[in-house]
Amino acid sequence: MSDARTAILGRLRASGQTGPLPDLDTAVLERKQWPATERAALLRKGMEAVHTEFLEATPADWPAVVRACCDREGFKNLLFGPTSEAGSALAAAWAPGGTHLMPYDRPVEAFKDELFTGVDAGFTGTVGGIAETGGLLLMPGPAEPRLMSLVPPIHIALLRSSTIQDTFWSAVKHLGWGRALPPNALLISGPSKTADIEQTLAYGVHGPKRLIVVLVDDLY
Amino acid sequence: MKEVYFYATCLVDLFFPDAGMAGIELLEAAGVRVIFPQGQTCCGQPAFNCGYWEEAREVARTQVALFPKDIPVILPSGSCAGMMKNHYPELFHGQADEAQVRAFSSRVFELTQFLVNELDVKLTDLGEPVKVTWHSSCHAVRDLGLVGEPKQLIAQLANVELAPLTREHECCGFGGTFSVRQPEISGAMSCDKAADAEATGASVVLSTDGGCLLNVNGTLEAKKSPLRVQHIAEFLWERTRAR
Amino acid sequence: MHADTEIKFRDSAAKALLDPQLRANFRRAMDGLIFKRKAQFPNPRDLEDLRDLSTAIRSRSLLNLPALLEQFETQATKNGIQVHWAETCDQANELILGILRSKGAKTLVKGKSMVSEEMHLNAFLEEHGIEALESDLGEYIIQLDGETPSHIIMPAIHKNKNQIARQFSQKIKDAKYTEDVDELTAMARKVLRQKFLDADAGLSGVNFAVAETGTLCLVENEGNGRMSTHVPPIHIAVMGLEKVVATLEDVAPLYAILTRSATGQAVSTYFNLITAPRGAGEKDGPQEMHLVILDNGRSRIYADPQLQATLRCIRCGACMNHCPVYTRVGGHAYEAVYPGPIGKILTPQTEGVGVRHDLIHGSSLCGACGEVCPVKIPIPEILVRLRREATHEDVGSQVNGKGTGRTATEDWAWRLWALANKRPALYRVITWFATRFGNALPAGAPLIKDWTRTRTKPVPARRSLSERVRAKGVPHV
Ligand code: SF4
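Residues numbered from 1 in each chain as written. Chains lettered and ligands numbered in written order. Predicted model: local features only at pLDDT ≥ 70, side-chain atom pairs only at ≥ 80, totals over all residues. Heavy atoms only, no water.

Secondary structure summary: chain A contains 7 helices and 12 strands in total. Each of the three principal axes of chain A carries a C-alpha extent, and together these read 70 × 45 × 40 Å. Sorting the 220 residues of chain A into buried and exposed places 54% on the buried side. Long-range contacts, defined here as pairs at least 24 residues apart, represent 72% of the contacts in chain A between residues at least 6 apart. Total accessible area computed for chain A in this model is approximately 8800 Å², and 55% of it derives from carbon and sulfur atoms. In chain A, 20 positive and 24 negative side-chain charges are present, and the distance between their average locations comes to 5 Å. (Helix = DSSP H or I, 4+ residues; strand = E, 2+ residues; numbered from the N terminus. Buried < 20%, exposed > 50% of the residue type's maximum accessible area, 1.4 Å probe, protein only. Contact = heavy atoms within 4.5 Å. Areas by Shrake-Rupley, 256 points an atom, 1.4 Å probe, with all protein chains shown as cover. Lys, Arg positive; Asp, Glu negative; His and termini not counted. Charge placed at Lys NZ, Arg CZ, Asp CG, Glu CD.)

Moving on: the sheet that holds strand E3 (residues 131–134) of chain C. All names here are of chain C. With parallel pairing, the 6 strands of this open sheet are ordered in space as E1-E10-E7-E4-E2-E3. Either end of the sheet is taken by a strand with one partner, and the two such strands are strand E1 (81–86) and E3. For this sheet the average axis-to-axis angle between neighbouring strands, irrespective of direction, equals 20°. Relative to strand E7 (residues 234–240), strand E4 (residues 201–204) is paired through 3 bridges, and the arrangement is parallel. Within the sheet, the bridge partner assigned to Ser204 lies in E7 and is Ala237. Sitting on the sheet, helix H4 (residues 65–79) is in contact with E1, E7 and strand E10 (288–294), with an inclination near 145° to E1. (Pairing = 2+ DSSP bridges. Axes fitted to C-alpha atoms, helices over the stretch in contact; angles between N-to-C directions.)

Glancing now at the interface of chain C and chain B. The interface of chain C with chain B comprises 67 residues on the first partner and 75 residues on the second. Buried area between chain C and chain B, summed over both chains or domains, comes out near 6000 Å², and the portion from carbon and sulfur atoms is 60%. Of all residues in chain C, Trp414, Arg455 and Leu465 of chain C give up the largest surface area on contact with chain B, accounting jointly for 12% of the area buried on that side. There are 14 salt bridges connecting chain C and chain B. A salt bridge links Asp192 of chain B to Arg328 of chain C; the nearest nitrogen and oxygen atoms lie 2.7 Å apart. Remark: the boundary between chain C and chain B carries 33 residue pairs in polar contact (both at pLDDT 80 or more). (Buried area = accessible area lost by both parts, 1.4 Å probe. Salt bridge = Lys/Arg side-chain N within 4 Å of Asp/Glu carboxyl O. Polar contact = N/O pair within 3.5 Å; in protein donor to acceptor, adjacent residues only side chain to side chain.)

Residues and elements named next belong to chain C. Where helix H2 (residues 20–40) contacts helix H12 (residues 248–263), the axes come no closer than 6 Å and their chain directions differ by 145°. Here H2 contributes Leu33, Lys36, Arg37 and Gln40 to the contact with H12, which in turn contributes Arg260, Ser261, Ala262 and Thr263. Per-class residue counts for the contact of H2 with H12 are 2 nonpolar, 3 polar and 3 charged. (Nonpolar A, V, L, I, M, F, W, Y, C, P; charged D, E, K, R; others polar.)

This paragraph deals with the interface of chain A and chain C. How big an interface is tends to be expressed through the accessible area that disappears when the partners come together. The partner chain C presents 94 residues to the 80 residues of chain A that form the contact. Here chain A packs against chain C, burying approximately 7600 Å² in sum over the two surfaces, 59% of which is carbon and sulfur. Sorting the residues of chain A by area buried against chain C places Arg146, Ile197 and His206 of chain A first, and these three jointly supply 11% of that buried surface. Inspection of the region where chain A meets chain C yields 11 salt bridges. Put simply, Glu132 of chain A and Arg260 of chain C hold a salt bridge, and the shortest N to O gap is 3.1 Å. Our enumeration of links across chain A and chain C arrives at 46 residue pairs in polar contact (both at pLDDT 80 or more). At the level of elements, helix H1 (2–14), helix H2 (27–30), helix H6 (112–117), helix H7 (168–175), strand E9 (184–188), strand E10 (193–194) and strand E11 (202–203) of chain A are the ones that each hand at least two residues to the side of chain A that touches chain C.

Further remarks concern the site of the ligand. Every residue close to the ligand is listed here: Cys313, Ile314, Arg315, Cys316, Gly317, Cys319, Ile342, Cys373, Pro374, Val375, Ile377 and Ile379 of chain C. Looking at the shell around the ligand, its residues break down into 10 nonpolar, 1 polar and 1 charged. (Near = heavy atom within 4 Å.)

Okay, the environment of Met114 of chain C next. Residues and elements named next belong to chain C. Along the chain, the position of Met114 falls in helix H6 (residues 114–119). Expressed as a C-alpha distance, the spacing of Met114 and Pro155, which sit 41 residues apart in the sequence, is 10.0 Å. Discounting chain neighbours no more than four positions away, the residues touching Met114 are Ile152, Val337 and Tyr338.

The next thing to look at is unusual backbone geometry. Most peptide bonds take the trans configuration, and most residues that are not glycine carry a negative phi. At Asp120 of chain B, a residue that is not glycine, the phi angle is positive and equals roughly 50°. With a relative accessible area of 49%, Asp120 of chain B lands in the partly exposed category. The backbone of Arg315 of chain C shows a phi angle near 55°, a positive value even though the residue is not glycine. Mapped onto the secondary structure, Arg315 of chain C falls in the loop between helix H13 (298–302) and helix H14 (318–321).

Here we come to the arrangement of the chains. The assembly contains 2 pairs of chains in contact; the pair sharing the most contacts is chains A and C. At the C-alpha level, the nearest point of chain A lies 20 Å from chain B, with no contact between them.

Across all of its chains, the model carries 69 salt bridges over all chains by this definition. A salt bridge links Arg468 of chain C to Asp18 of chain B; its shortest N-O distance comes to 2.6 Å. In this pair, Arg468 of chain C is assigned in helix H23 (residues 465–472) and Asp18 of chain B in helix H2 (residues 17–29), connecting two distinct chains. Take Asp18 of chain B: its relative accessible area is 38%, and that puts it in the partly exposed class. In this structure, Lys195 of chain C engages Glu131 of chain C in a salt bridge whose closest nitrogen and oxygen atoms are separated by 3.5 Å. With Lys195 of chain C in helix H10 (residues 181–198) and Glu131 of chain C in strand E3, this pair connects stretches of sequence that are 64 residues apart.

Put into structure tokens, the structure is as follows:
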């Protein structure tokens, strides 16, 4: 359909709609700033309002916190990315027995049915968080595939408080996403939800029914 | 002595002359000399809104010519003031007399805004205690930013209690030709507005615009409600004039 | 797909007004949305600044549109997305059918996309033997009943819980009757999960397309958009050509104002940035990605400096949530893909101002829409412009169907009106008669008849103001 392309672009150009470009005043975005020490609480407030659960942890004990959570919930397995930073650290600390650590190490086609029906929870890292509204930033990819945070009914995400940015806007700048983006990048602010039936909120409509954030305080 | 022109608007001229008289009296009481050019008719808004700009322009041009002096033009209507102030420049864009019309538009004021912002009037309430509610006209709010002034005037009246509507900023359903082109929707909106007003427990609804008055009063009357909408100028004058 | 005859908004609206359940559903829902939006903007200055910024970003994007589209195409192609262009909905439908056929795809699972509604894609695919299943819960609900969306963000907003409960119990296999929203949601989840798993292809709309990186941005709460775009082996996205913006930094404020304006959320559950199909080493994601860029009249709208503002729209739905007409009649009365204020300016431009004359006049011009629009589209002004275009044939205007809504009656009415209002003497005679005999007008006279359905007849005062000021001696110079 290159004909359509030529015709459309031709029409757009022919209309000669150019002119002085309006200035962009981003002060309203720049005003949104908080000290690093306050961002985690703000993020938490925003995300808890939409049913996200939080577990507190330290840089040293977070694998144990994840483990304790799995034991408590009685997960038979936990899907993880064996080559990701968070995933490999988790695996290194994982004692045998109890919840089985299930690596996402093959193409989805090889275990699609199992992924959809046989996984209790998925564990991923994050590349940052958003203080203003609450939200996690994820960069799915080879080490942590896209469906890990979507298909299992529970998503456990590791967030380091030092990576929390003020706003989505400042995070985009900080992470350099304006110049180059991975195949998939993602903001998640809570478990999947809908209000399509009479404006009544219901959680877990398509994606995870629960989102558990393991918040690692690494600011000091 | 300060001088102003008064522009009645066609609805006030024909349906609400008491409101027009009260507006003039309020201005005079504030020490202003009011000039009422005879021959004024309609601001042209009905034709403008329906897309008949040539016709609107012809009429607008005859109106502008009636107000030659460089003094304020006061209207007891937010909608018509919005038309003359904000839409005349658009209507006359590229016309030979655009500059002249723009100069006229810059002199246009809605009555309550003029009373508060230019004259800083101080009112003394001489009336009995009463509960009122306020219906804001859409064009007054959105074309002129007329939000606070009428309430500031009402607040000056010691015996007047203001009970807000649940949906103060929702359209009453008049919309000029809309009321006859879409009578069912318009009627549904008017009935809701009337019900909202009745639920406030107020004994009078105040507004700035003849269109809203005509519409909501007609609806209230059809419902056999004792409640009525009154133009704010008339209300203010009734309560403050010495008897 | 649309009739050539004038569709009477007035008639369908009148019918909708008689349905108390429908009116209650809409009023309740719109009140909730208005309240929630307001709560998101506690500081009026932040709101206005954010609206200004968003408006500027959309305006800039449009001013640069051809260049941005090309930049986007180059970048997206480099990322491995196959970009297609369609001048019309028919072309877009054929393109998608071609893609699906070439892969032997029989089932398509859809994330929410208003452009696909514009194309009537589902019906087209069904005709050609391909199942197109909506997966957004609201879209799923209306698809079960063969309905169209009544709102661009909340497609099933016209239905209440009981209606949905009844519908599910009848139409979903093995479903029991329940009015519990969690249970209803779980039923849909179960059906749709299997569909995601089995689908040969997924389709989505696009909220923003980023030129610099070739990225498609999708805003959603449910996760069905992510499912539709990441689970099936093929992902096809469709978007109107106006969706492109320069950078991801430009997207941030638009996203911030979109969710707040739409549903009163500070942020959506998911904001999904898709830049490429499954990459080297990736274990999931679609192997193939296509994007269809649709014109369907947009380039014509683009050519007009005033009407171009229509294309700034980010489809938040705030204009309908705040519209006193929409609130009362609901989305279906418009008989258009896009209902409410944005539909009233968009539909006549794409389908013809004469054909949809009814929509152009279905507004009291109260301005509530323009007041809340996050990208400051002057909807009332555009309506007036289109009213003008419908009845006049201006030189240079490219408006679709200009002049075709003109009638001799209306022409004469305005000519007479002008005559009366520019001749003071004549006006004075008319008002004299009106004040003396206005009350004698029969209630059945045209205009009066419509006016008096719900109101008493307006009665002129006994003396006009002009007469009274003359009598009082108010100076006239
Ligand atoms: S016109 Fe404005 S308010 Fe309406 S949907 Fe578009 S962006 Fe939102």
